[in-house]
Amino acid sequence: MAENTPSALTRRSFLKTTGVVAGAAALGSLAGCAPKEGGDGSSDSNENPTAIEETVVYSTCMGNCGGCGCPLLVHVRDGKVCNLTKPRLEYPDGSLVKSHGVCMKGYMNIERMYSPTRVQYPMRRVDGTERGDGQWERVSWEEAIGDITSKWKEMQAESGNTSIAFMSGTGNTFYSNAYATRLATLMGAMTLQTAYDANGVNAHISHCGIGGYTWGLNEYRDLANAETILIWGGNPTESIAVDYHYITEAKEKGATVIVIDPVFTSSASDSDRYISIRPGSDGLLAAGMALIAIRDGKIDKSHMQKMTVAPFLVKNEDGLYLRLSDLGKAEAGSEADRILVYEGGNPVAFDEAKDPEIEGEFEIDGIAVKPAYQILLERFSEWDLETISKHTDISIETIEELADLWTSTKCMICTGFGHDHYGNGFNTYDAMFALSDITGVQCEHGRGIACCGYTSPMSQGIIDVSSVGLDDAVPGPIVPTPYVHQLVEEGKAGAVEADLRSIYIYRMNPVGNETDRQKWLKTLGEMELVVVSDMFMSETAELADYVLPAAFIFEHDDIFSINTMFARYAEKVVDPLFEAKGDFDIITLLGKGMGFEKYFTASDLEHYEACVTNDLAESVGLTWDKLKSEHAVFTHLQEPAVQGLNSPILSATGRFEFYHEGILPQFDDGRFWDSKRESCWYWEPPIEAWYENEKYATYPLVLGGERCKFKTHTMFNNSPSILELDPEPYVKINPVDASARGIAEGDVVRLYNDRGSVTLKAVFNAGCRPGFLVIDHGWTKDHFIDGHYADLTSCATKQRFAQDNWFDCLCEMEKVQ
Ligand SMILES: Nc1nc2c(c(=O)[nH]1)N[C@H]1C(S)=C(S)[C@@H](COP(=O)(O)OP(=O)(O)OC[C@H]3O[C@@H](n4cnc5c(=O)[nH]c(N)nc54)[C@H](O)[C@@H]3O)O[C@H]1N2
Ligand SMILES: Nc1nc2c(c(=O)[nH]1)N[C@H]1C(S)=C(S)[C@@H](COP(=O)(O)OP(=O)(O)OC[C@H]3O[C@@H](n4cnc5c(=O)[nH]c(N)nc54)[C@H](O)[C@@H]3O)O[C@H]1N2
Ligand code: SF4
Ligand SMILES: [Mo]
């Protein structure tokens, strides 16, 4: 095994090094840990008085760049972190998990950790000042926790448990994140659930269930096996940097890569073909491909019969499946009460049929029914290719070419989360899944849909967050964040009634990242107590009453398990700087302060041990001792996971579900819900960003966005070295849109709509579709000349899945004189 294998680093390994001194010196100045004077790097001998002792500890990066936040070997000298390298990760057969080295952003972890702008002590807003005035006083941890918990107790006594809410983001996803859920549950507090990335993940779950090995039909590694890759709604060169090499591998083997995007992105520049699409119309493009496959006889009937709900009979009356109990032949709800299909003129239990009908309309014992596929066919036939071509702005010939590549080559769709950012995003995913189901382009390596990588040991239950022993504590309600403003204004959102008075925000910067920032400012303004735990004075922390200094990942132990094939243990490298504490310890203090001492007796390591000690973990060879010593334990499949091939379909029916029986909204907000309509794909335009929307006459530009390699959301945007490379935000505009408004390259422009405005520099980019503007994601208010891009966006959401729809946003643009 190579030197950097996990097992070679079973404990902190002590190295006497000189060879790396020169390289580290450059970073040493960042970290304030330049090599000791006199080191000439010429000898590795123990006698050399200048040899520098270096400790190497296995931790992780907190970037959110696909596959796994990179594992890191953190090099320490004189008690200070001075270099980062990447350990070798291996599959069980000894082959290497390929990925690049530590990226430039990853290196900036050192700069961030030692930044003088870190929150150093618990801080309380000075009495008598307004939120946001920036007047803080240092308080002790004891005082901060005492103040916060006594106020919470008071609020709960006066206004009930749900007067307090907990809210966390995706900026940084470690296990200790979940620990706050323990406290929220014990308190019966409300959880404000972020509506990030909801359409893609939830559409996947409603298609094939949760708990398998992949989000998406095929996990990301399988892209390397495709002959045609449709990068459709993502920009993986920037956003999935860790795993982009799978696409490169496919290209090296001769694959054709096609990018479908309103913007000629960096991924497009590395592709074979670029197709510009009208924003928010992707569901229709997938439907067009399905219509062509149906027209050309390219559907896969036998696959549909065996693997999908296509033959299941749906009752016209209520949209539910016809079961034996409907015919009085089984007890309703019993195991024997199976779904019926139609074969040889008779209803037959689905698992007994050999060649069931998938089309037609039947009457059984006076009950009118249709196979689910018939319903899908009817939904597709609401559209014709001419209309689809008009709406997508893609020629019928191109749609035909795509349909042909889809069925006649090993073709995979690689989505990001671009579709998620529109109110109709779930229709897009539903259409893609339906296309895949009816053509049988699934259950094979290299054919299907790759979404956002892998599932995690945590979502598979291998790291069991429920093993926390909370007796009979009843968790409070969950309210998706797009509804929080309504809840605060009206005291009610859907069925949830609450007098929300305090929010605890951790690992999240909602003021910078959520939609409709003005509403967030108002909602936070209504709170009597806002507590933020963060390492930096984020836009949200600035508006808090208490800011608790969070420890950097290198300053505490944690388990890392999201979107990775490995259960990972990030070992504490150095003690927290200043008075910072890890979230685990902060939650423990708050828990004790709330009177739940008996639930907060475990240390972080003891708690993590309990979480990985379960039968499922054991069955995949994961034990705490192994994880602690190796830091990364493979819990996945050696081969890329493919739903229905080597990863189980875990839907309620055990089949791919393009039809969702009796579907309910994720959050019932009281609006009309047509369960029959929602149960199968249909298309409707985005909520706002559509050329036929009435607002379009006033606001004809769609405000989109993209990830850039310099930032992870709003993290890293305060790193001086990153700001040197990427100093300020700008809006990318097509020269056609610019000249129509008298705007020259480099002019300062103001983008505005009824919700707000943002002022920044304009940069010409002919790769932006006319009518589509792009500001890269992750800037905050101090970076803009005026206003904020999040002031323009809307928190309107559809009921199916609550989703923040950043790109579903119309605006106008003018030159600032
Ligand atoms: N460097 C970096 N990497 C990251 C992150 C980060 O902040 N920085 N964040 C991580 C997270 S949490 C996420 S959710 C992922 C997101 O991963 P991606 O979704 O890949 O990231 P985006 O850059 O937002 O890409 C969205 C793409 O969709 C395109 N798009 C916009 N509208 C449409 C449309 O209507 N149709 C189509 N076909 N395309 C459209 C945009 O032009 C853009 O190219 O990235 C992850 N990776
Ligand atoms: N305009 C626009 N907005 C978007 C998007 C977009 O495409 N366009 N994308 C959206 C998406 S998909 C996502 S996932 C969200 C992400 O939104 P957020 O989850 O809010 O992401 P971050 O900006 O990374 O904020 C994380 C905060 O947590 C802090 N932090 C980091 N580590 C720790 C820790 O260990 N403990 C504590 N207590 N704090 C820590 C960081 O300093 C930072 O202030 O952004 C969304 N917002
Ligand atoms: S920023 Fe992303 S790609 Fe870079 S080292 Fe960290 S996780 Fe890896
Ligand atoms: Mo995200």
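In what follows, the structure referred to is the one given above.
The structure displayed is predicted, hence computed values, not measured ones.

Trainee: I'd like a rundown of the overall build of the chain, residues and numbers included.
Mentor: Along the chain, the regular secondary structure elements total 24 helices and 35 strands. Relative to the 2.2 N^0.38 estimate, which gives 28 Å for 817 residues, the radius of gyration of the chain is 27 Å and therefore close to what a compact globule would have. Along the first, second and third principal axes, the C-alpha set of the chain runs to 90 × 65 × 60 Å. Here the analysis covers contacts within the chain between residues at least 6 apart in sequence; of these, 75% occur between residues at least 24 apart. Here the chain displays about 29800 Å² of accessible surface, and carbon together with sulfur accounts for 50% of that area.

Trainee: Could you give an account of the environment of Gly 169, with specific residues and numbers?
Mentor: Looking at the secondary structure, you find Gly 169 in the loop between strand E7 (164–168) and helix H4 (175–187). Given the relative accessible area of 7%, Gly 169 is considered buried.

Trainee: Explain the pairing of E7 residue by residue, including any values.
Mentor: Side-chain positions along a regular strand alternate between the two faces of the sheet. For E7, the tally of buried residues reaches 5 of 5 residues, placing the bulk of the element in the interior. Alignment of E7 against strand E23 (residues 502–506), held across 5 bridges, turns out to be parallel. Among the inter-strand pairings, Phe 166 is bridged to a residue of E23, identified as Tyr 504.

Trainee: How would you sum up the site of ligand 3? Please name residues and give values.
Mentor: Around ligand 3, the structure places Cys 61, Gly 63, Cys 65, Gly 69, Cys 70, His 100, Cys 103, Lys 105, Gly 106 and Val 242. The class makeup of the residues in the shell around ligand 3 is 5 nonpolar, 4 polar and 1 charged.

Trainee: I'd like a description of helix H17 (residues 517–526), backed by residues and values.
Mentor: Listed as buried for H17 are Arg 517, Trp 520, Thr 523 and Leu 524. One side of H17 carries all its buried residues, which in axial view fall inside an arc of 115 degrees. In this fold, the buried residues of H17 make contact with E7, helix H15 (484–490), E23, helix H16 (510–513) and strand E24 (529–534).

Trainee: Explain the packing of aromatic side chains to me, using residue names and the numbers behind them.
Mentor: Tallied over the entire structure, the rule returns 26 aromatic pairs. Pairing Trp 152 with Tyr 504 gives two aromatic rings, centres 6.1 Å apart and planes at 85 degrees, and the pair type is edge-to-face. Residue Trp 152 is located in helix H3 (residues 141–159), and its partner Tyr 504 is located in strand E23; the two are separated by 352 residues in the primary sequence. An identical accessibility class is assigned to Trp 152 and Tyr 504; each is buried. Among the aromatic residues, ring-to-ring pairing joins Trp 152, Phe 166, Tyr 504 and Tyr 506 into one connected group.

Trainee: How would you summarise the nonpolar core if you had to cite specific residues and measurements?
Mentor: In this structure, Met 289 and Phe 658 are the most contacted members of the largest nonpolar core, which totals 65 residues. Every residue in contact with Met 289, bar those within four places of it in the chain, is listed here: Leu 230, Trp 232, Ile 399, Leu 402, Ala 403, Trp 406 and Leu 435. If you look at the next biggest cluster of nonpolar residues, it comprises 44 residues, including Leu 470, Ala 567, Val 612 and Ala 617.

Trainee: Outline the pairing of strand E31 (residues 748–752), listing residues and values.
Mentor: Only one face of E31 is covered, namely the one carrying Val 749 and Leu 751; the face carrying Val 748, Arg 750 and Tyr 752 has none of its residues buried. Relative to strand E32 (residues 757–764), E31 runs antiparallel, the two being bridged by 5 bridges. Across the sheet, Val 749 pairs through a bridge with Leu 760, a residue of E32. Between E31 and E32, which pair antiparallel and follow one another directly, the connecting turn spans 4 residues. Across 4 bridges, E31 lies against strand E35 (residues 810–815) in antiparallel orientation. From the neighbouring strand, Val 749 faces E35, where its bridge partner is Lys 815.

So, how was this worked out
Residues numbered from 1 in each chain as written. Chains lettered and ligands numbered in written order. Predicted model: local features only at pLDDT ≥ 70, side-chain atom pairs only at ≥ 80, totals over all residues. Heavy atoms only, no water. Helix = DSSP H or I, 4+ residues; strand = E, 2+ residues; numbered from the N terminus. Rg over C-alpha atoms; globule rule 2.2 N^0.38 Å. Contact = heavy atoms within 4.5 Å. Areas by Shrake-Rupley, 256 points an atom, 1.4 Å probe, with all protein chains shown as cover. Buried < 20%, exposed > 50% of the residue type's maximum accessible area, 1.4 Å probe, protein only. Pairing = 2+ DSSP bridges. Near = heavy atom within 4 Å. Nonpolar A, V, L, I, M, F, W, Y, C, P; charged D, E, K, R; others polar. Arc of directions from axis to C-beta. Phe/Tyr/Trp six-rings, centres within 6.5 Å; stacked < 30°, edge-to-face > 60°. Core = buried A, V, L, I, M, F, W, Y, C linked by side-chain atoms within 4.5 Å.

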